Amino acid sequence: MTTSPAGPPEAPATASTAPAVPVGEHETQEVAGLAARLRDHRLSSRLTLEVAAARVGLSPAYLSRLETGRRQPSLPVLLGLARAYGTSVSGLLGETFTEPDPVVRGGAIEPGRAGGWGYRRTGAPGRAMQALRVHVPPGVQDAVVRVHPGEEWLYVLQGRLKLTLGERVHLLEEGDSAHFDSLTPHCIAADSSSGVDLLFMHTLLQSPGGELCLGGGPAAPHH
């Protein structure tokens, strides 16, 4: 899986090149107050249009259109602007959330529908970093190799894990851990007859695990 950049800088609009926007299109697509918040966050960060646009790989003209509501940003652009302004995408969108309970109680892990893998969430939802307790049964999806944005960290609780990173194969015993860039082609499989139990953390943002790492259906949790 490959990622696309935030988008090439857009040339300043002229009377002959600026695309026409149908009447009413902005009203149906615009997130209420987004343009004003983009401008307010930039000004609060004491950045000019030119400097802010350069940090995100946009043109000043395109950033100006975002701040006046004439264009709507994609998710990669919102992520870049949030980083540049020291805030979150939720902050730019004006969303407010109740602080989640920091304590997650333990419980049994039930096999899921994504190839028999079992999951139990061990962290609060909505965070940049997500934590799971995972059971990987033996002989499941040994050939599935995934590539996607983010970082992954895992720790072997019980059993033995076969971790393939690029061209290298690593066998991890109980107590071993691994931390790697998810853009490295990787494959996770059990190498013991009873499967393997893991603590697993990732920073995959909104990427569905069933599509990225497991190849399963929509019932799979984020991974």
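So, how was this worked out
- Residues numbered from 1 in each chain as written.
- Predicted model: local features only at pLDDT ≥ 70, side-chain atom pairs only at ≥ 80, totals over all residues.
- Heavy atoms only, no water.
- pLDDT = per-residue confidence, 0-100.
- Helix = DSSP H or I, 4+ residues; strand = E, 2+ residues; numbered from the N terminus.
- Contact = heavy atoms within 4.5 Å.
- Buried < 20%, exposed > 50% of the residue type's maximum accessible area, 1.4 Å probe, protein only.
- Arc of directions from axis to C-beta.
- Salt bridge = Lys/Arg side-chain N within 4 Å of Asp/Glu carboxyl O.
- Pairing = 2+ DSSP bridges.
- Axes fitted to C-alpha atoms, helices over the stretch in contact; angles between N-to-C directions.

### Focus: the confidence of the model for the chain
Working step 1: In the predicted model, the chain carries a mean pLDDT of 75, and the fraction of residues at 70 or more is 66%.
Working step 2: Confidence scores differ between elements of the chain, with helix 1 (residues 25-29) showing the lowest mean pLDDT of 38 and strand 5 (residues 168-172) the highest of 96.
Working step 3: Contacts for the low-pLDDT stretch residues 1-29, under 50 throughout, to residues beyond four places or in other chains number 32 contacts.
Working step 4: Here residues 205-223 is a poorly scored stretch, pLDDT under 50, and it has 50 contacts once near neighbours within four places are set aside; other chains count.

### Considering helix 2 (residues 34-44)
Working step 1: Here helix 2 has its buried residues at Leu-34, Ala-35, Leu-38 and Arg-42. End-on view of helix 2: buried residues confined to an arc of 110°, all on one side of the axis.
Working step 2: One or two steps after helix 2, the chain reaches Arg-46, where phi turns positive at roughly 60°.

### Let's talk about the pattern of salt bridges
Working step 1: Tallying each qualifying case throughout the model produces 3 salt bridges.
Working step 2: A salt bridge links Arg-160 to Asp-191, with the nearest nitrogen and oxygen atoms 2.8 Å apart. On the criterion of sequence distance, the pair formed by Arg-160 in the loop between strand 3 (151-158) and strand 4 (161-165) and Asp-191 in the loop between strand 7 (186-190) and strand 8 (196-202) is long-range, its members being 31 residues apart.
Working step 3: Salt bridges here are not isolated pairs; linked through shared partners, they connect Arg-160, Glu-173 and Asp-191.

### Quick look at the sheet that holds strand 8
Working step 1: The strand order across the open sheet formed by 5 strands is 1-2-8-3-6, and the pairing between neighbours is antiparallel. At either end of the open sheet lies a strand with only one pairing partner, and these are strand 1 (118-121) and strand 6 (177-181). Along the sheet, successive strands turn relative to each other by an average axial angle of 20°, direction set aside.
Working step 2: Here 7 bridges tie strand 2 (residues 130-136) to strand 8, and the two strands are oriented antiparallel to one another. Paired with Val-136 across the strands is Val-196, a residue of strand 8.

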